[in-house]
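# Architecture at a glance
Spelled out, the chains give:
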Amino acid sequence: HKASLVVVPHSLLSNWLDEAARFAPQLSVRQHWGAERQRTKESLSDADIVLTTYGTLRSDIALFGDVDFACVVLDEAQAIKNKQSSTAKCAKLLRADRRIAMSGTPVENHLGELWSLFEFLNPGLLKELPALQRALETTKPSDDVLGLMRTLVRPFVLRRTKRQVAKDLPDRVEQTLYVELEQDERQLYDELLLHYQASISKK
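Residues numbered from 1 in each chain as written. Predicted model: local features only at pLDDT ≥ 70, side-chain atom pairs only at ≥ 80, totals over all residues. Heavy atoms only, no water.

### Examining the sheet that holds strand β1 (residues 4-8)
Taken in spatial order, the five strands line up as β2-β3-β1-β4-β5 in an open sheet, and their pairing is parallel. Each having just a single partner strand, β2 (29-31) and β5 (95-102) make up the two edges of the open sheet. Between one strand axis and the next, the sheet turns by 20° as a mean value, whatever way the strands run. The strands touched by helix α1 (residues 13-23) within the sheet are β1, β2, β3 (49-53), β4 (68-75) and β5, with β3 carrying the most contacts at an inclination of about 165°. The sheet strands contacting helix α6 (residues 112-121) are β4 and β5, and the helix crosses β5 at an angle near 150°. (Pairing = 2+ DSSP bridges. Helix = DSSP H or I, 4+ residues; strand = E, 2+ residues; numbered from the N terminus. Axes fitted to C-alpha atoms, helices over the stretch in contact; angles between N-to-C directions. Contact = heavy atoms within 4.5 Å.)

### A closer look at the pairing of β4
The element β4 is extensively covered by neighbouring structure, given that seven of its eight residues are classed as buried. Here four bridges tie β1 to β4, and the two strands are oriented parallel to one another. Within β4, the position partnered with S4 by the bridge is C71. Note: β4 against β5, seven bridges, orientation parallel. Counted as the bridge partner of F69 is A96 from β5. Read from β4 through helix α5 (residues 86-91) to β5, the crossover connection turns out right-handed. (Buried < 20%, exposed > 50% of the residue type's maximum accessible area, 1.4 Å probe, protein only. Right-handed = clockwise from strand over helix to strand, strands pointing away.)

### Points about the pairing of β1
In terms of burial, β1 is largely enclosed, as five of its five residues are buried. Residue alternation in β1 divides its side chains into two sets, S4, V6 and V8 and L5 and V7, and both sets are buried. Bridge analysis of β1 against β3 gives five bridges, and the strand direction is parallel. Bridging across to β3, V7 finds its partner in T52.

### Section: a nonpolar patch on the surface
Where nonpolar side chains cluster on the molecular surface, the patch consists of V179, L181, Y189 and L193 and spans about 370 Å² of accessible area. Take L181: it is sitting in the loop between α9 (162-165) and α10 (183-202). Judged by its relative accessible area of 32%, L181 falls in the partly exposed class. (Patch = residues over 30% accessible without salt bridge, like charges linked within 9 Å, V, L, I, M, F, W, Y side chains within 5 Å. Areas by Shrake-Rupley, 256 points an atom, 1.4 Å probe, with all protein chains shown as cover. Salt bridge = Lys/Arg side-chain N within 4 Å of Asp/Glu carboxyl O.)

### Let's talk about the pattern of salt bridges
Tallied over the full model, the rule gives seven salt bridges. Residues K2 and D97 are paired through a salt bridge, measuring 3.2 Å at the closest nitrogen-oxygen approach. Taken together, the positions of K2 in the segment before β1 and D97 in strand β5 put the pair 95 residues apart, joining distant regions of the chain. Given a relative accessible area of 39%, K2 falls into the partly exposed group. A salt bridge links R37 to D60; the shortest N-O distance between them is 2.7 Å. Here R37, found in the loop between β2 and α2 (41-45), pairs with D60, found in the loop between α3 (54-59) and α4 (61-64); they are 23 residues apart in sequence, far enough to count as distant. Three or more residues joined by partner-sharing salt bridges are found here, namely R37, R39 and D60.

Spatial relationships are all this shows, so hold off on functional conclusions.
Take a look at the structure:
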């Protein structure tokens, strides 16, 4: 028997506990979070599902890295999009028979973020292509690079649209509201704008 590890943002812990109780009441779920948590290998092995947060994963990576899990699930997996972050490095130290990354925004800035997710999911899949790796860091990769990426990752991606998951939700509604600032607010806004424009231009 091996436990499965689910890593979530702190704000989703209670939601996962509720959903597990609702859809899989036969499974034992252990919440590994907070000052009172047991920091032993046995405490992570005697449950079906271990729920923890990204912050706790970083704090207890020596413990987590010493356990063989049946499955590791990362919810809101864009938390590891930066390959240099400690969160991403810790996630890649986890050992599991299967790995799942769930995200509504797997790519927010550039395709390199997708590369980071795949280094967790399928280490080495994209690593052997240095030319591709360089192209992933650019904000506008060529059509050839995009096509190659689609071909490589398609077998490992299950994409579900909002219409497939929640048919009762309406189409996205956009509303633009213009807010007139008072004189004091406008002055403060302009000062911040100039400060950050200067800061960005230096870089």
